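Here are the chains, one letter per residue:
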Amino acid sequence: MSDSPSAATTSSPRRALVTGAAGFIGSHLAHALLQTGTIVIGVDRRDPARDQTAAANMAALHGLPGYMHITADLLTCAIDPLLIDADVIFHLAGIPGVRPSWGPQFSEYVNSNILATQRLMDAATRMHVPRLVVASSSSVYGPTNGGPSVEGDHPRPASPYAVTKLAEEQLCLAHASRTDCPTSVIALRYFTVYGPRQRPDMFTHRALRAAMSGQPLRLYGDGHQRRDFTYIDDAVAATIAAAGAPIDTGIVNVGGGANASLLDVINIANRLAGREIQIHADNARNGDVLTTRADPRRAQAVLGWQPTVDLPTGMRAQMQALTQPAYRKAA
Ligand code: NAD
Ligand code: UGA
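Nothing here was measured: the structure is a model prediction, and the numbers come from that model. (Residues numbered from 1 in each chain as written. Chains lettered and ligands numbered in written order. Predicted model: local features only at pLDDT ≥ 70, side-chain atom pairs only at ≥ 80, totals over all residues. Heavy atoms only, no water.)

> So what about the site of ligand 1? Which residues, and what values?
If you check the shell around ligand 1, you find 27 residues, and the closest are Asp44, Asp73, Tyr161, Lys165 and Val193. Take serine 112: an N or O atom from its side chain is 2.9 Å from a nitrogen atom of ligand 1. When isolated, ligand 1 has an accessible area of 810 Å², and the protein chains bury 95% of it. Looking at the shell around ligand 1, the elements with two or more residues in it are helix H1 (24-35), strand S5 (131-137) and helix H4 (160-176). The dominant element in the shell around ligand 1, judged by the number of residues it contributes, is S5, at 3 residues. In terms of residue class, the shell around ligand 1 is made up of 14 nonpolar, 7 polar and 6 charged. (Near = heavy atom within 4 Å. Polar contact = N/O pair within 3.5 Å; in protein donor to acceptor, adjacent residues only side chain to side chain. Areas by Shrake-Rupley, 256 points an atom, 1.4 Å probe, with all protein chains shown as cover. Helix = DSSP H or I, 4+ residues; strand = E, 2+ residues; numbered from the N terminus. Nonpolar A, V, L, I, M, F, W, Y, C, P; charged D, E, K, R; others polar.)

In structure tokens form, the structure reads like this:
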């Protein structure tokens, strides 16, 4: 990472493009940016008029002044017009999820995580956007010895998804390292983000749903897998801080500090719902690592950021959101 002063100007940009704005993290980010007075252009290939999850994610954005939404695929759409006068691009669009990436959908991962990112970086360069913040992933570290992962550790991605995320962040960094590139890049390695509107394929969502409904929960492996669960508002705060971080280019871990196991999540869900989740034991899945854990030092130094929400508090907020009518319909 270069620690030279960057072209980024303020911690609250004037105008931003948020890719993946109909998604979990992107919709929260767009909302938070609007609260700070940023003009936000959101782009996503999911059409909220047809996709209930996208509609639920975006419900809070409707009618907010300063927000404009475009339904388009970054693999094919004209990107330059979206970048006029943009101070920063927050690149959250992508195909997430470790387990499905072994299947035939792999080409989707390549298209959205790699090829669309290449198009976006080309456009950012042409349009002289000073900064791009890209959503990378803790999964790029792969298996660890349980100790904290430092940004300089040798990446050992263990799933096709993780390979595409490593390619995505490195692609952005490669563009940024060209002498004539006007765009500096911060790649944020998010560690398992949870909270209201979390993707329904993810574990915390499923555990809370099982606790609330009495339906069984499928548990892959023995439940001793540990994750550095990161609350959504903390992830968003780190992301906004990255827009104005006074460095040129680099990688930063965004971990919530939870270091909790899946069994811990189940126990919290049981307590919150006042009922025991019924577990359906299943085999561990290929590509799932046993532990993710962020070394937090660079995030503190570079972003001036540290997490503020603990797992029981964040899960309570997530459970409360699951009872809202718009979300109940979608998820
Ligand atoms: P999400 O699926 O809710 O949001 C991603 C959005 O990107 C979706 O709405 C999707 O329609 C959109 N998208 C995908 N390909 C696109 C394309 N070609 N053009 C336009 N839009 C496209 O996922 P999320 O959980 O919000 O994750 C956001 C990003 O953060 C992803 O890049 C993911 O890999 C990364 N990430 C997420 C987590 C997590 O715990 N949620 C952790 C690490 C990294
Ligand atoms: C999550 C996100 O899904 C990825 O998009 C992201 O890149 C990654 O975090 C990251 O930190 O980088 P993951 O840690 O696999 O990936 O999160 P979950 O999908 O919530 O799974 C966590 C654990 O729960 C895994 O071991 C999984 O096998 C297990 N699980 C998941 C179950 O036992 N049952 C389920 O129904 C779902």
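> Hey, could you go over the nonpolar core for me, with residue numbers and the actual values?
Within the largest apolar cluster, 61 residues are counted, with the highest numbers of intra-cluster contacts made by Phe90, Leu188, Tyr190 and Leu303. Of the residues forming this core, the biggest block, 8 residues, is contributed by helix H6 (residues 232-243). Those residues in contact with leucine 303 that lie beyond four places of it in its chain are Leu188, Ala238, Ala241, Ala242, Ala245, Val252 and Arg298. Of all hydrophobic cores here, the second largest spans 25 residues; its members include Ala72, Leu74, Leu120 and Met121. (Core = buried A, V, L, I, M, F, W, Y, C linked by side-chain atoms within 4.5 Å. Buried < 20%, exposed > 50% of the residue type's maximum accessible area, 1.4 Å probe, protein only. Contact = heavy atoms within 4.5 Å.)

> Describe in detail the pattern of salt bridges, supporting the description with residues and values.
For the structure on display, the rule yields 13 salt bridges. When the shortest N-O distance is used, the salt bridge between arginine 50 and aspartate 47 registers 3.3 Å. With a relative accessible area of 23%, aspartate 47 lands in the partly exposed category. Between arginine 99 and aspartate 288 there is a salt bridge; the shortest N-O distance is 3.0 Å. In this pair, arginine 99 is assigned in the loop between strand S4 (88-91) and helix H3 (106-126) and aspartate 288 in the loop between strand S13 (279-282) and helix H8 (297-303), connecting sequence segments 189 residues apart. Residues participating in the shared-partner salt-bridge network are Arg45, Asp73 and Glu108. (Salt bridge = Lys/Arg side-chain N within 4 Å of Asp/Glu carboxyl O.)

> Residues and numbers for the site of ligand 2, please.
In the vicinity of ligand 2 there are 23 residues, among which Arg99, Ser137, Ser138, Tyr161 and Asp288 approach most closely. Contact with the protein chains covers 96% of the free accessible surface of ligand 2, which is 700 Å². Those elements that provide at least two residues to the shell around ligand 2 are helix H5 (203-213) and strand S8 (217-220). Considering every element that reaches the shell around ligand 2, the biggest residue donor is S8, with 3 residues. Residues that form the shell around ligand 2 fall into these classes: 10 nonpolar, 6 polar and 7 charged.

> Which residues make up H4, and what are the values?
The first and last C-alpha atoms of H4 sit 25 Å apart over 17 residues, in line with the 24 Å expected at 1.5 Å per residue. Most of H4 is tucked away: 12 of the 17 residues are buried. (Expected span 1.5 Å × (residues − 1).)

> A description of the packing of H1 against H6 should follow, citing residues and the corresponding values.
At a minimum axis distance of 10 Å, the contact between H1 and H6 shows a crossing angle of 65°. The element H1 and its partner H6 pack so that their crossing is right-handed. Mapping the contact onto sequence places Phe24, Ile25, His28, Leu29, Ala32 and Leu33 in H1 and Ile232, Val236, Thr239 and Ile240 in H6. For the contact of H1 with H6, the residue count by class is 8 nonpolar, 2 polar and no charged. (Axes fitted to C-alpha atoms, helices over the stretch in contact; angles between N-to-C directions. Left-handed = near helix turned anticlockwise from the far one by under 90°.)

> Can you tell me about the UniProt feature "domain: NAD-dependent epimerase/dehydratase" (unreviewed entry) in the chain, naming the residues and giving the values?
According to UniProt, the "domain: NAD-dependent epimerase/dehydratase" (unreviewed entry) feature falls on residues 16-255. Secondary structure across residues 16-255 divides into 33% helix and 20% strand, with the first and last C-alpha atoms of the span separated by 24 Å. (UniProt positions renumbered as here; feature names shortened; annotations may be inferred.)

> Explain the packing of aromatic side chains to me, and be specific about the residues and the numbers.
The full count for this structure, using the stated rule, is 4 aromatic pairs. Taking the centre distance of 6.0 Å and the plane angle of 75° together, the rings of tyrosine 109 and tyrosine 161 count as edge-to-face. Here tyrosine 161 lies in helix H4 and tyrosine 109 lies in helix H3, a separation of 52 residues in the sequence. You can call tyrosine 109 buried: its relative accessible area is 1%. (Phe/Tyr/Trp six-rings, centres within 6.5 Å; stacked < 30°, edge-to-face > 60°.)

> Which residues make up the sheet that holds strand S11 (residues 250-254), and what are the values?
With parallel pairing, the 7 strands of this open sheet are ordered in space as S3-S2-S1-S4-S5-S6-S11. Every interior strand has two partners, whereas the edge strands, strand S3 (67-71) and S11, have only one. Across the sheet, the axes of successive neighbouring strands diverge by a mean angle of 20°, strand direction being ignored. Sheet topology places strand S6 (residues 184-190) next to S11; 5 bridges connect them, and they run parallel. Bridging across to S11, arginine 189 finds its partner in asparagine 253. The sheet strands contacting H3 are strand S1 (15-19), S4, S5 and S6, and the helix crosses S4 at an angle near 175°. (Pairing = 2+ DSSP bridges.)

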